[in-house]
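Chain by chain, the residues run as shown.
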Amino acid sequence: MLKRSALVLIFPLALLGVFPASAAVKASDIIQRAIDGFVRPAYADLHQHTEILTKAMHKLCDAPSQGELDAARAEFSATVYSWSSAEIISFGPIKENNRLERILYWPDRKSIGLKQVQAALADKDPTATDPAQLAGKSVAMQGLGALEFVLFGDGADALAGKDDPYRCAYGAAVAGNIETTAGDVSAAWNKPDGFAALWANPGPQNPLYRDGNEAVTELVGVFINELEMVRDVRLKGFLGGKPEADKPKQAIYWRSQNTANALAGNLAGIDALFQASKLGDALPPDARWMAESIHIQLVNGVATGKSIQGPIDKALTDAARREKLEHFALITSSLSTLIGTRLTAEFGLTAGFSSLDGD
């Protein structure tokens, strides 16, 4: 079972030295900036992309053509990038009602989700083309993984013609479900008395965050957890130490050639969150260089990810692109050390157990 990374406070009052006025007030400012400057805009952007994607799917179904199929595929890729940025906030509203899994059921190690999608397409299950009824089915049938197979998997080229209207109708229902879920998450983050208020207003009566330390710990945990996830789960899941150990079909979004695009989106989200929160401003003057170094390395990582084009199996066998993937891994490792060891030490925090502990 996967566990979230924990940050343990080794000096309960350490943040008082960093936030001299009031740990709770200053921490609250940082969290509010994170929410207003990144979380809400990121999920609003995702919702907007999913709306466009759903419309593109309906246009494809109404007037099948190669042009409409290309447009739907392009919107899928844009949505993947938007989601990859927003998904770094994997707590709060996204954790309710299986929303995270509804948007992305991954990894699907035993191909359970794939088999369910393939069965629906083979059987032409009419209930799977109705978004309301689809929402009651397996989460693996109603997210980005399912839609990727519809648009890019075996038989997807038939979407350009009128031979397989069921496949398109199912894909449109999946897109509609993703749109609904993204809208629900965005709305939840904007509720004045919702999760955002709890995170930004720590205190003794707060059921989730009793003080500023706990609120900032949640934020710093995002950077540590997600860098670890990107490197050890997403990247090393398919990039072997040697070419013969590669597993290209274990790569996320390999069918749509969005693997590196998604990795770049993850780091873009981390950078945007770090910049919006201005967490670096809370560092002592002699440690402020860390914030600039973190930003530079994240920008470098995003650029590296975006430069890796084409099918991931071809990238793995191309020396130049493989070197970029390995460079991307080095960047994430450097960032993990910088944030997980050095920055947390400045705040009197230390990384606890790994999110990859357990089975």
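Use the structure listed above.
In this report, we go over the structure that sits alongside the text. (Residues numbered from 1 in each chain as written. Predicted model: local features only at pLDDT ≥ 70, side-chain atom pairs only at ≥ 80, totals over all residues. Heavy atoms only, no water.)

## Some details on helix α8 (residues 165-190)
Then, in step 1: For α8, built from 26 residues, the straight-helix expectation of 38 Å at 1.5 Å per residue is met to within 8% by its first-to-last C-alpha distance of 38 Å.
Then, in step 2: For α8, the buried fraction is high: 19 of the 26 residues fall into the buried class. (Helix = DSSP H or I, 4+ residues; strand = E, 2+ residues; numbered from the N terminus. Expected span 1.5 Å × (residues − 1). Buried < 20%, exposed > 50% of the residue type's maximum accessible area, 1.4 Å probe, protein only.)

## As for the pattern of salt bridges
Then, in step 1: Applying the stated criterion across every chain, the model contains 13 salt bridges.
Then, in step 2: The partner of Arg-73 in a salt bridge is Asp-157, with the nearest N and O atoms 3.3 Å apart. Taken together, the positions of Arg-73 in helix α3 (residues 66-86) and Asp-157 in the loop between α7 (144-152) and α8 put the pair 84 residues apart, joining distant regions of the chain.
Then, in step 3: Sharing partners across several salt bridges, the network here consists of Arg-231, Asp-232 and Lys-236. (Salt bridge = Lys/Arg side-chain N within 4 Å of Asp/Glu carboxyl O.)

## As for the environment of Leu-335
Then, in step 1: The residue Leu-335 is located in helix α14 (residues 319-346) in this model.
Then, in step 2: Judged by relative accessible area, which is 0%, Leu-335 ranks as buried.
Then, in step 3: Distance in space between the C-alpha atoms of Leu-335 and Phe-223 is 9.0 Å, their sequence separation being 112 residues.
Then, in step 4: When neighbours within four sequence positions are excluded, Leu-335 is seen to be in contact with Leu-227, Ile-294, Gln-297, Leu-298 and Gly-340. (Contact = heavy atoms within 4.5 Å.)

## Side note on the side chain of Thr-54
Then, in step 1: Structurally, the position occupied by Thr-54 is in helix α2 (residues 23-62).
Then, in step 2: For Thr-54, a relative accessible area of 7% puts it in the buried group.
Then, in step 3: Separated by 2.9 Å, the side chains of Thr-54 and Glu-179 make a polar contact.
Then, in step 4: Apart from the residues lying within four places of it in its own chain, the contact partners of Thr-54 are Ala-172, Ala-175, Gly-176 and Glu-179. (Polar contact = N/O pair within 3.5 Å; in protein donor to acceptor, adjacent residues only side chain to side chain.)

## Here we look at α7
Then, in step 1: Most of α7 is tucked away: seven of the nine residues are buried.
Then, in step 2: The set of residues buried in α7 consists of Leu-144, Ala-146, Leu-147, Glu-148, Phe-149, Val-150 and Leu-151.

## Quick word on the packing of aromatic side chains
Then, in step 1: Following the criterion strictly, the structure yields seven aromatic pairs and no others.
Then, in step 2: Seen in terms of ring centroids, Phe-76 and Phe-152 are 5.6 Å apart; in terms of plane orientation they differ by 55°. Their pairing is tilted. On the criterion of sequence distance, the pair formed by Phe-76 in helix α3 and Phe-152 in helix α7 is long-range, its members being 76 residues apart.
Then, in step 3: Classification of Phe-76 by relative accessible area gives buried; the value is 0%.
Then, in step 4: Residue class for Phe-152 comes out partly exposed when judged on its relative accessible area of 21%.
Then, in step 5: Considering the side-chain rings of Trp-189 and Phe-195, the 5.4 Å spacing of their centres and the 85° angle between planes classify their relative orientation as edge-to-face. Pair check on accessibility: Trp-189 and Phe-195 agree, each one buried.
Then, in step 6: One aromatic cluster is present, formed by Phe-91, Trp-189, Phe-195, Trp-199 and Tyr-209 through successive ring pairs. (Phe/Tyr/Trp six-rings, centres within 6.5 Å; stacked < 30°, edge-to-face > 60°.)

## Some remarks on the state of the cysteines
Then, in step 1: Within this structure, the stated rule accounts for one disulfide.
Then, in step 2: There is a disulfide in this structure between Cys-61 and Cys-168, and the S-S distance comes to 2.2 Å. Handedness here is read from the sign of the S-S torsion; for Cys-61 and Cys-168, about -100°, the answer is left-handed. Here Cys-168 lies in helix α8 and Cys-61 lies in helix α2, a separation of 107 residues in the sequence. (Disulfide = S-S within 2.5 Å.)

Remember that the coordinates give geometry; whether it matters functionally is a separate question.
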